[in-house]
Amino acid sequence: MPAVAPAEFPPPFDSADVIGPPTDAPEDRIEVGVAIVGGGPAGLACANKVLQLLEDEPELTEKLGEVPVAVIEKGKVAGAHLLSGANMKPSAMEELFPDLSKEEWPVYQEVTKDAVYLLTKKAALPLKPMPPNFKNHGNYVTSVSKLGRFLAEKAEEAGAYILSETAATKLLVEDRIVKGVRSGDRGRGKEGEELANFEPGSDVVAKATVLAEGTVGHLTYAAYDYFDMHGADPMRWELGVKEVWEVKEPLDRVIHTMGWPLRKSPRFNEFGGSFIYPMGEDKICIGLVAGLDYTDATFSVHDALQLLKTHPFIKKLIDGGKRVAWGAKTIPSGGYFSMPKRLAVPGMMVAGDAASMVNVPTLKGVHYAMHAGMYAAETIVETLKQDIDSVNFEAYDDKVRNSLIEKEIKQSRNMRQPFSKGFFMGGAIVSAMTVTKGAFPGGHWSQEHDSEIEMDLGKAGDTYPKADNELTFNKLDSVFLSGNATRDDAPNHVRIQSHVPREVAQTWVSMCPAQVYEIPEDQLENGAAEVDVHVTASNCVQCGAITAKGGRLTLPEGGDGPLYQET
């Protein structure tokens, strides 16, 4: 069968459908000072910083009304949908809470030792000297879901309103000025019908709106279309699947691996690696991250992680242990050239992962998101203090462009692209880029959208182990461990074409870590060239990978999805 690009079968989704003017009568609208969409590091850092600055601005505080800051969070609680490694640089926490002892931070420990290994099928070869981009001394191992809860508590103590279980499904725009967002309806059935407990959404209007939606920004990407904000290159992603294990022996260092089980040949284009981090004395986390520009439709990050755990080096670390948490999330990997050409439009700013603020070679993004949120907060207070009706937040662009965010991500601007030439050639080129901070080889190495990669039916799926429920696990059992509690009768929030070439369908089936997509058994058996795709949306953990590979993830009802605790 010929290779097929998922982009040839675009989803039934139009960005224009989620942008429009307020529809509630003025007296029925919810008025807030600052509306922040997303209770992650960027959004909550913004909320905390705005309220810190307002302590010295009583006049502005009064003008912002009874609700000076509202954070609109789709998860059951802040942190419920957050997942990362996470190995955090301390700069943003130090700046946001200068008087807070590090002993009170939501972290497990400071990194004092680290190691990098090249894996073959049986061996683990230490890389010495260690690549400089993997050095983590002085950083902190944390759970980004715990970090989200911590930042939310601090924001609430300062006076923020955290509107959890609330999906922001529409961007309110009038005269090309962002006025706020509309929350999603609740209590609709599978076909969109109103159930007995139906509650309509509401217009939330604000003096300033900050989109901090995370890796796959539902409203953010629609805004990029509407306001022509797209960067020089399209957005790109990687998918990470992570497990937390209770272990008998503590781990004393941060470990990264590259190589096996990912294949080195350029034709597979399997880029990524694993991370293994200590989480105190009795837990470790282990995760595998892979770029979504691979070419084999049978490749599965979840199953590749299960295979990774059978390696003697990895297996020894978790021997006798117990898996206690699981989750999956996409990571923006387009880097500098995928960042939007501007970060602010009238009435609105964008911060964090949805703006491609991740440095993939160093595996860092949490502190960038927090710094961006704080820059947005500073811009809001400085602007509205001068003119409460101003919608011009362009100063935010300048703050980010002149910050460590711009500087560091620009230095690694071309380091993702060379791996399309294969593991060894790509590694050699990236080494030169690392030493010269991106100057050599310089220029702009362009990238295409992950959905434009042609997919074929390869052999990766033949190598994955069957679940034994001790070391290796299937997708459905893993979804249960995520705390996912989406209603079976909820409307389908996944937008895909439902009849596509088998290569495209198999890409979605294999890629999804939560077993959302399925090809009917009879079509698998008869080898049909075009097949149907059945969607079990209630399994979805909202990782966002479908947006990268030809579909579109929209928002389910607020409160649906995973309830992550330690991811």
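Remember, it's a predicted structure, so these values are computed and weren't measured experimentally.

Criteria and cut-off values
Residues numbered from 1 in each chain as written. Predicted model: local features only at pLDDT ≥ 70, side-chain atom pairs only at ≥ 80, totals over all residues. Heavy atoms only, no water. Phe/Tyr/Trp six-rings, centres within 6.5 Å; stacked < 30°, edge-to-face > 60°. Buried < 20%, exposed > 50% of the residue type's maximum accessible area, 1.4 Å probe, protein only. Lys NZ or Arg CZ within 6 Å of the ring centre and 35° of its normal. Helix = DSSP H or I, 4+ residues; strand = E, 2+ residues; numbered from the N terminus. Pairing = 2+ DSSP bridges. 1 Å grid on protein atoms, 1.4 Å probe; cavity = no way out; pocket = protein on both sides within 12 Å on 5 of 7 lines; lining within 4 Å. Points joined across faces, edges and corners; volume = space filled by probe spheres on them. Nonpolar A, V, L, I, M, F, W, Y, C, P; charged D, E, K, R; others polar. Patch = residues over 30% accessible without salt bridge, like charges linked within 9 Å, V, L, I, M, F, W, Y side chains within 5 Å. Areas by Shrake-Rupley, 256 points an atom, 1.4 Å probe, with all protein chains shown as cover. Salt bridge = Lys/Arg side-chain N within 4 Å of Asp/Glu carboxyl O. Lys, Arg positive; Asp, Glu negative; His and termini not counted. Charge placed at Lys NZ, Arg CZ, Asp CG, Glu CD. Axes fitted to C-alpha atoms, helices over the stretch in contact; angles between N-to-C directions.

1. Topic: the packing of aromatic side chains
Enumeration over the complete set of coordinates arrives at eleven aromatic pairs. When the ring of Phe-275 is compared with that of Tyr-277, the centres are 5.2 Å apart and the planes differ by 40°; the resulting orientation is tilted. Judged on exposure class, the residue Phe-275 and its partner Tyr-277 are both buried. One aromatic cluster is present, formed by Tyr-221, Tyr-224 and Trp-237 through successive ring pairs. A cation over a ring is seen here: Arg-323 above Phe-473, with NZ or CZ 3.9 Å from the ring centre.

2. Concerning the pairing of strand 3 (residues 69-72)
Residues Val-69 and Val-71 line one face of strand 3 and the alternating positions Ala-70 and Ile-72 line the opposite face, and both faces are buried. When strand 2 (residues 30-37) meets strand 3, the two strands line up parallel, connected through four bridges. For Val-34, the partnering residue across the bridge sits in strand 3 and is Val-69. Pairing of strand 3 with strand 9 (residues 161-163) involves three bridges; the strand directions are parallel. Across the sheet, Ala-70 pairs through a bridge with Tyr-161, a residue of strand 9.

3. Considering the layout of surface pockets
Roughly 530 Å³ of internal volume is contained in the second largest pocket. Looking at the second largest pocket, it is lined by 24 residues, and the ones nearest its centre are Thr-169, Asp-185, Arg-188, Arg-495 and Leu-555. The set of elements that each furnish at least two residues to the lining of the second largest pocket consists of strand 10 (168-174) and strand 11 (177-183). In terms of residue class, the lining of the second largest pocket is made up of seven nonpolar, nine polar and eight charged.

4. Side note on a negative patch on the surface
Together, Glu-8, Glu-448, Glu-452, Glu-454 and Asp-456 make up a region of like negative charge exposed at the surface. Counting through the fold element by element, Glu-8 comes out in the segment before strand 1 (19-20).

5. Observations regarding the pattern of salt bridges
This structure, assessed with the given rule, holds 26 salt bridges. Its salt-bridge partner being Glu-165, residue Lys-76 comes within 4.0 Å of it at the nearest N-O pair. A residue pair is termed long-range when its members are at least 10 positions apart, and Lys-76 in the loop between strand 3 and strand 4 (87-88) and Glu-165 in the loop between strand 9 and strand 10 qualify at 89 residues. Residue Glu-165 is classed as partly exposed on the basis of its relative accessible area of 30%. Note that Arg-263 and Glu-270 form a salt bridge whose closest N and O atoms lie 2.6 Å from each other. Counted as one network, the salt bridges with shared partners bring together Asp-24, Arg-182 and Asp-203.

6. A look at the pairing of strand 16 (residues 254-259)
Most of strand 16 is tucked away: six of the six residues are buried. Taking every second residue as pointing to the same face, both faces of strand 16 are buried, with Val-254, His-256 and Met-258 on one and Ile-255, Thr-257 and Gly-259 on the other. Examined bridge by bridge, strand 6 (residues 114-119) and strand 16 share six bridges and lie parallel to one another. Pairing of Val-116 across the sheet is with His-256, part of strand 16. In this structure, strand 16 lies alongside strand 17 (residues 272-278), joined through three bridges in antiparallel fashion. Bridge assignment links His-256 to a residue of strand 17, and that residue is Phe-275.

7. Concerning the sheet that holds strand 15 (residues 237-246)
Reading across from one edge, 7-6-16-17-18-15-19 is the order of the seven strands in this open sheet, with mixed pairing throughout. Here the strands that pair on one side only, and so sit at the sheet edges, are strand 7 (124-126) and strand 19 (322-332). Strand-to-strand, the axes of this sheet are offset by a mean angle of 20°, without reference to chain direction. Two elements, strand 15 and strand 18 (residues 283-291), share nine bridges in a ladder whose sense is antiparallel.

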